[in-house]
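Spelled out, the chains give:
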Amino acid sequence: MTTNGIRIAPSVLSADLTRLAEQVAQALEGGADWLHVDVMDGRFVPNLTFGANMIAALRRLTDKPIDAHLMVVEPERYIEPFAAAGASVFTFHPEATVHVQRQLEAVKRRGMLAGLALNPGTPLTYAEEVIADLDLLLVMTVNPGFGAQSYLPGANDKIQRVRSLLTAHRAQAFLEVDGGITAQTIAGAHQAGADTFVAGNAVFTSADPAREVQELRRRCLVTV
Ligand code: DX5
Ligand code: ZN
């Protein structure tokens with residue numbers, strides 16, 4: 001996986017699970033680069049979703065990178081099962097575990113890219129302390145827990161500050177944004193410095209998910 005260019009990562013949280021394979025195929029046909037899986041435990045966030053069985057099911061559908069976003073307490077409990085199920089990226093929140101740096105190393109040892117996610121209220125210093133260990137830094141542009149929320153007004157400023165932090169440290173990590181990404185908000189996030197874009201509701205409630213993925217990418221490219 002290269003750090004150049006733009007990646008669109010549709011979140012299956014918003015897919016119609018009765019037609020998961022079909023909807024994933026539509027997103028991939030539109031050029032989706034990664035598939036994003038939102039894992040929620042009803043503790044770290046007030047909602048329950050998927051486990052490693054969803055990763056395994058998606059892995060049977062595609063060879064594309066599977067981008068697991070763990071909104072769970074003690075994410076270290078899931079490193080091994082997610083790696084075994086075929087996850088490519090494993091991102092967790094620093095408040096959810098005591099030994100952040102140890103878990104980043106454990107993720108990489110299992111052959112996955114290691115990501116850290118910052119909630120809107122989480123300071124950048126959490127990431128700065130471990131910046132050399134990060135393959136990916138995820139900026140939450142909504143408070144996590146649910147799809148289809150609105151992009152927060154302060155999000156672009158935070159993305160800019162994260163981009164400056166990565167540049168200052170000459171870090172090559174992906175800068176991913178997640179929450180409220182639509183054809184209206186994606187260009188601002190891209191201009192602010194994001195390179196990887198999660199989109200759930202925008203893609204999977206569209207009548208034409210393939211076209212929506214193409215449109216999201218186009219909106220980034222016209223602002224370059
Ligand atoms: C939020 C999740 C997001 C969410 C994005 O808790 O981490 O990945 O599914 O969904 P949309 O694009 O609908 O805001
Ligand atoms: Zn997510």
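These notes cover the structure that comes with them. Just so it is clear, the structure is predicted and the values come from calculations on it, not from any experiment.

What counts, and at which threshold
Sequence order as written defines the numbering, with residues in each chain counted from 1. Note on labels: chains are lettered from A, ligands numbered from 1, in written order. At least 70 in pLDDT is required for a residue's local features to be given in this predicted model, at least 80 for side-chain atom pairs to be given and counted, and no such filter applies to totals for whole chains, interfaces and linings, which use all residues. Hydrogens and waters are ignored; side-chain quantities use all the structure's heavy atoms. Only DSSP runs of H or I covering at least 4 residues are called helices, and only runs of E covering at least 2 are called strands; the numbering of each starts at the N terminus. Type-normalised accessible area, obtained with a 1.4 Å probe on protein chains alone, sets the label of each residue: buried when under 20%, exposed when over 50%, and partly exposed for intermediate values. Contact criterion: two residues are considered in contact whenever any of their non-hydrogen atoms come within 4.5 Å of each other. Between N-to-C directions, angles span 0 to 180 degrees; the directions come from axes that are lines fitted to C-alpha atoms, helices contributing only their stretch in contact. What makes a crossing left-handed is the near helix being turned counterclockwise from the far one by less than a right angle; a clockwise turn instead makes it right-handed. Shown as donors are all N, O and S atoms within 2.8 Å of a metal ion, widened to 3.2 Å for Na, K and Ca; because water is not in the atom set, sites may appear incomplete. We call a set of buried Ala, Val, Leu, Ile, Met, Phe, Trp, Tyr and Cys residues a nonpolar core when their side-chain atoms join them within 4.5 Å. When we say a residue is near a molecule or strand, we mean one of its heavy atoms is within 4 Å of it. Distance and chemistry together define a polar contact, namely a pair of N or O atoms within 3.5 Å, with one atom able to donate a hydrogen and the other to accept it when in protein, and with adjacent residues in sequence counting only for side-chain atoms on both sides. Computed with the Shrake-Rupley method and a 1.4 Å probe, the accessible areas treat only the protein chains shown as cover for residues. Throughout this entry, Asp, Glu, Lys and Arg are counted as charged residues, while Ala, Val, Leu, Ile, Met, Phe, Trp, Tyr, Cys and Pro are counted as nonpolar. The remaining residues, Gly among them, count as polar. Centre distance within 6.5 Å is the pairing criterion for rings of Phe, Tyr and Trp, where only the six-membered ring of Trp is used; planes under 30 degrees apart are then read as stacked, over 60 as edge-to-face, and the remainder as tilted. At least two DSSP bridges between two strands are required for those strands to pair.

Things to note about the environment of Leu-175
Residue placement: Leu-175 occurs in strand β7 (residues 174–178). Here Leu-175 falls in the buried class, since its relative accessible area comes to 0%. Note: C-alpha distance between Leu-175 and Asp-195 (20 residues apart in sequence) is 5.5 Å. If we ignore the near neighbours within four places in the chain, the residues touching Leu-175 are Leu-137, Val-139, Ile-159, Val-162, Arg-163, Leu-166, Gly-193, Ala-194, Asp-195 and Thr-196.

Some remarks on the packing of helix α1 (residues 20–29) against helix α9 (residues 209–221)
For any two helices packed against each other, one specifies the crossing angle of their axes together with the interaxial distance. One way to put it is that α1 packs onto α9 with a least axis distance of 7 Å and a crossing angle of 35 degrees. Relative to α9, α1 is oriented so that their crossing is right-handed. Contacts between α1 and α9 involve Gln-26, Ala-27 and Glu-29 from the first element and Pro-209, Ala-210, Val-213 and Gln-214 from the second.

Structural notes on the coordination of the zinc ion (ligand 2)
For the zinc ion (ligand 2), the full set of protein donor atoms is His-36 (NE2), Asp-38 (OD), His-69 (ND1) and Asp-178 (OD), at a range of 2.0 to 2.3 Å. The motif formed by the donor residues of the zinc ion (ligand 2), counted along the single chain, is H-x1-D-x30-H-x108-D. Taken together, the residues His-69 in strand β3 (residues 66–71) and Asp-178 in strand β7 connect sequence positions 109 residues apart. With respect to burial, His-69 and Asp-178 carry one shared label: buried.

A word on the nonpolar core
Judged by nonpolar contacts, the single largest core of 64 residues is most densely connected at Val-37, Leu-58, Ile-159, Val-177 and Phe-197. At five residues, the largest contribution of residues to this core is made by helix α6 (residues 155–168). By size, the runner-up hydrophobic cluster in this structure holds ten residues, among which are Ala-9, Trp-34, Val-89 and Val-142.

Side note on the site of ligand 1
Around ligand 1, the surrounding shell holds 20 residues, and the nearest of these are Asp-38, Gly-145, Ala-148, Asp-178 and Gly-180. Taking Asp-38, its side chain carries an N or O atom lying 2.6 Å from an oxygen atom of ligand 1. For ligand 1, an oxygen atom lies 2.5 Å from a polar atom in the side chain of Asp-178. Considered on its own, ligand 1 offers 380 Å² of accessible surface; in the complex 99% of this is hidden by protein. Looking at the shell around ligand 1, the elements that each hand over two or more residues are β2 (35–40), β3 and β8 (196–199). Class assignment of the residues belonging to the shell around ligand 1 gives a composition of nine nonpolar, nine polar and two charged.

Observations regarding unusual backbone geometry
Although it is not a glycine, Ala-148 adopts a positive phi angle of roughly 65 degrees. Within the secondary structure layout, Ala-148 lies in the loop between β6 (136–140) and α6. For Ala-148, a relative accessible area of 58% corresponds to the exposed category. We note that Arg-170 has phi near 50 degrees; this positive angle belongs to a residue other than glycine. For Arg-170, the position within the fold is in the loop between α6 and β7. What makes Arg-170 exposed here is its relative accessible area of 74%.

Digging into the packing of aromatic side chains
In this structure the tally under the stated criterion is four aromatic pairs. Arranged with centres 5.2 Å apart and planes meeting at 85 degrees, the rings of Trp-34 and Phe-174 form a pair that is edge-to-face. Placement of the pair is Trp-34 in the loop between α1 and β2 and Phe-174 in strand β7, with a sequence separation of 140 residues. The class of Phe-174 is buried, set by a relative accessible area of 3%. A connected cluster of aromatic rings, assembled from ring pairs, spans Tyr-78, Phe-82, Phe-90 and Phe-92.

Looking at the sheet that holds β2
The strand order across the open sheet formed by eight strands is β1-β8-β7-β6-β5-β4-β3-β2, and the pairing between neighbours is parallel. Of all the strands in the sheet, just β1 (7–10) and β2 have a single pairing partner and so form its edges. Neighbouring strand axes in the sheet, compared pairwise and without regard to direction, differ in orientation by 25 degrees on average. Pairing of β7 with β8 involves three bridges; the strand directions are parallel. Across the sheet, residue Glu-176 finds its bridge partner in β8, namely Thr-196. Sitting on the sheet, α9 is in contact with β1 and β8, with an inclination near 145 degrees to β1.

Any functional reading would require information beyond the geometric quantities listed.
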